[in-house]
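Examining the three-dimensional arrangement
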Amino acid sequence: MPPGGVNRARGPAMSAGDGRSPNRCIATSEEGTVGRLIVTEFVTLDGVAQAPGGPEEDREGDFPYGGWQAPLLDREAVGVVFAEASTMDALLLGRRTYEIFAGYWPGAPQEIPFTGLLNHVPKPVASRTHTGPLTWEGSSVLAAPLAEGVAALKERHDEVHVIGSLDLVQSLLRSGLVDRLSLWLYPLLLGSGKRLFAGGTVPTALRLTGSVTYGNGTLHLAYETAGRPTYGNLAV
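What you see as residue numbers is a count from 1 along each chain, following the sequence as written. Confidence filtering applies because this is a predicted model: local features only for residues at pLDDT of at least 70, side-chain atom pairs given and counted only at 80 or more, and all residues used for totals across whole chains, interfaces and linings. Water and hydrogen atoms play no part in the side-chain values, which are based on all heavy atoms of the structure.

We call a set of buried Ala, Val, Leu, Ile, Met, Phe, Trp, Tyr and Cys residues a nonpolar core when their side-chain atoms join them within 4.5 Å. We call a residue buried when its accessible area falls under 20% of the maximum for its residue type, exposed when it is over 50%, and partly exposed in between, using a 1.4 Å probe and counting protein chains only. If you look at the biggest cluster of nonpolar residues, it comprises 33 residues, and the most contacted ones within it are L91, F101, W105, F114, L118 and W184. Sorting the residues of this core by element identifies α1 (75-85), β2 (90-94), α2 (95-102), α3 (113-120) and β6 (180-186) as the ones contributing at least two each. Setting aside chain neighbours within four positions, we find L118 in contact with M88, L91, F101, W105, K123 and W136. With 23 residues, the next largest nonpolar core counts L37, A49, V162 and L196 among its residues. The way it works is that DSSP assigns letters per residue, a run of H or I at least four long becomes a helix, a run of E at least two long becomes a strand, and they are numbered from the N terminus. A contact between two residues is defined here by any heavy atoms of the two lying within 4.5 Å.

Inspection of the secondary structure assignment puts R96 in helix α2. Considered as a pair, R96 and S165 are 69 residues apart in the sequence and their alpha carbons are 7.0 Å apart.

A few words now on the sheet that holds β2. One requirement defines pairing of two strands: DSSP has to find at least two bridges between them. With mixed pairing, the 8 strands of this open sheet are ordered in space as β4-β3-β2-β5-β1-β6-β8-β7. For this open sheet the edge positions go to β4 (139-141) and β7 (206-213), each flanked by a neighbour on one side alone. Ignoring which end each strand starts from, the neighbouring axes of this sheet average 25° apart. The sheet contact formed by β6 and strand β8 (residues 219-225) spans 6 bridges and is antiparallel. Comment: axis = line fitted to C-alpha atoms, over the contacting stretch for helices; angle = value between 0 and 180 degrees taken between N-to-C directions.

So this is what it looks like as structure tokens:
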């Protein structure tokens, strides 16, 4: 299983309109003058998003459950993941996820639809510590502080996608830079591992714009960010 929960399904590459569920109801917000930042994550029911793709993908913290997504893959869902990814104009990655992806995708088999997509799309990398050149074709260190760098990306590209990159996602949410969350929720509890919404998550209101349930119990949930939460008092 390739890294990041991206499937190595064989067969012809799908266009952005292929492989969609007939009951699919994911909506997009009205087009604005700047692009959108879309976060895609593969998550267990208890929030773990570490190493969905394979045992050696991310062993940090001696994580023993790498590859948890593989037995739960749904062919139809894989088509939807690729169709959504096909609309990206740039792939923003955190340093750790960049290293994982760069260790696999440049030499991945060409018959995997994701190979051509990920190798050819621009790949800015958000890192405060990386100083050397990036070897993966099309990758570059994101210039300027994160907020300014991402704002510039959204001015140049219609859709900037983020896959994995859990620490980066927290920073993007804190800065109010995320426009859409595409969450693949799997019927599984792991109890340990890196979580998508860990300590430091800022209160954020979300608006559900689409949901699809697959036969194996996987849920695809699409949310748009909607500012800060409001609060009330049930005792009144």
